[in-house]
Amino acid sequence: ETDAGYIVEASGGDEAEDIGDVDDDTIAGLDSMIIGAPTWHTGAEEERSGTSWDEWLYSNLENMDLSGKKVAIFGVGDQASYADNFCDAAGELYDCFTAKGAKVYGMTSTDGYDHSESKAIVDGKFVGLMCDEDNQYDD
């Protein structure tokens, strides 16, 4: 929630909302969105966040067409304690949203991070902004 608050403040956007509290028609009506999730279920192939995203991605999103939707992704993780699974849930968001036709913007460099593995890396870049409040709180 902290990182979502930073993004809302920086973008001048609306209040951050939990995906579990948003109806599908609202998502379908958006032209663009900023989405993010923490990674709790390290090493999992699916349902990596331990949040409402886990159910929403595999039930609600399955019935949606997001063709033409613009999406920016942020992930939250701990690169020191979970170096083998850093921000994996952001990679799951990327995989699921692009499979439904969304276009992801904001790929970022992996430089400056100290992790071993991440499912949030596509073509050598992170799928968005990766946040680590535990180890890079002032970056």
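Structure's up top.
Here the residue numbering is sequential within each chain, running from 1 through the sequence in written order. Reporting of local features is limited, given that this is a predicted model, to residues whose pLDDT is at least 70; pairs of side-chain atoms are given and counted only at 80 or more, and all residues count toward the totals for whole chains, interfaces and linings. Remark: hydrogens and water are excluded; side-chain values derive from all non-hydrogen atoms of the structure.

1. Describing the overall build of the protein chain
Part 1 of the argument: Looking only at helices and strands, the protein chain has four helices and six strands in total.
Part 2 of the argument: Only runs of H or I of at least four residues qualify as helices and only runs of E of at least two qualify as strands under DSSP, and these elements are numbered from the N terminus. For the protein chain, the succession of helices and strands along the chain, N to C, is α-α-β-α-β-α-β-β-β-β.
Part 3 of the argument: Just to be clear, the radius of gyration here is over C-alpha atoms, and the globule rule we use is 2.2 Å times residues to the power 0.38. The C-alpha atoms of the protein chain give 14 Å as radius of gyration, which agrees with the globular expectation for 139 residues (14 Å, within 12%).
Part 4 of the argument: Overall, the protein chain is about 40 × 35 × 25 Å in size when its C-alpha atoms are taken along their principal axes.
Part 5 of the argument: Here's how the labels work: a residue is buried when its accessible area is under 20% of the maximum for its type, exposed when over 50%, partly exposed in between, all with a 1.4 Å probe on protein chains only. Counting only residues that meet the buried cut, the protein chain has 39% of its 139 residues in that class.

2. Overview of the layout of surface pockets
Part 1 of the argument: The volume enclosed by the largest pocket comes to roughly 1400 Å³.
Part 2 of the argument: Using protein atoms alone on a 1 Å grid, points that fit a 1.4 Å probe yet trap it form a cavity, whereas open point sets bounded by protein on both sides within 12 Å along at least five of seven lines form a pocket; residues with an atom within 4 Å of a point count as lining. Taken together, 44 residues form the lining of the largest pocket, with Ala-4, Ala-16, Glu-17, Gly-36 and Phe-74 sitting closest to its centre.
Part 3 of the argument: Secondary structure elements with two or more residues in the lining of the largest pocket: α1 (2-11), α2 (24-29), β1 (32-38) and β2 (70-76).
Part 4 of the argument: Considering every element that reaches the lining of the largest pocket, the biggest residue donor is β1, with seven residues.
Part 5 of the argument: In the scheme used here, Gly and all other residues not listed as nonpolar or charged are polar, with Ala, Val, Leu, Ile, Met, Phe, Trp, Tyr, Cys and Pro taken as nonpolar and Asp, Glu, Lys and Arg as charged. Of the residues that constitute the lining of the largest pocket, the class distribution is 21 nonpolar, twelve polar and eleven charged. Grid points are joined across faces, edges and corners, and a volume is the space filled by probe spheres set on the points.

3. Description of the pairing of β1
Successive residues of a regular strand alternate their side chains across the two faces of the sheet.
Part 1 of the argument: Strand pairing requires that DSSP identify at least two bridges connecting the strands. One ladder, built from seven bridges, connects β1 with β2; its direction is parallel. The residue bridging Ala-37 from the neighbouring strand is Gly-75, located in β2.
Part 2 of the argument: We call a crossover right-handed when, viewed with both strands directed away from the observer, the connection leading from the first strand over the helix to the second proceeds clockwise. In this region the chain leaves β1, passes through helix α3 (residues 53-58) and returns to the parallel neighbour β2; the handedness of that crossover is right-handed.

4. Overview of the packing of aromatic side chains
Part 1 of the argument: A pair of aromatic rings is counted whenever rings of Phe, Tyr or Trp (Trp by its six-membered ring) have centres within 6.5 Å, and the orientation is called stacked for planes under 30 degrees apart, edge-to-face for over 60 and tilted otherwise. Per the stated rule, a full pass over the model turns up six aromatic pairs.
Part 2 of the argument: Here the aromatic rings of Trp-56 and Phe-97 are separated by 6.0 Å at their centres, their planes lie at 20°, and the arrangement is stacked. You can see Trp-56 sitting in helix α3 and its partner Phe-97 sitting in helix α4 (residues 88-99), a full 41 residues away along the chain. An identical accessibility class is assigned to Trp-56 and Phe-97; each is buried.
Part 3 of the argument: For the ring pair Phe-86 and Phe-126, a centre distance of 6.0 Å and an interplane angle of 75° mean the geometry is edge-to-face. Residue Phe-86 is located in the loop between β2 and α4, and its partner Phe-126 is located in strand β5 (residues 125-126); the two are separated by 40 residues in the primary sequence. Residue Phe-86 shares its accessibility class with Phe-126, and that shared class is buried.
Part 4 of the argument: Of the aromatic side chains, those joined through ring pairs into one cluster are Trp-53, Trp-56 and Phe-97.

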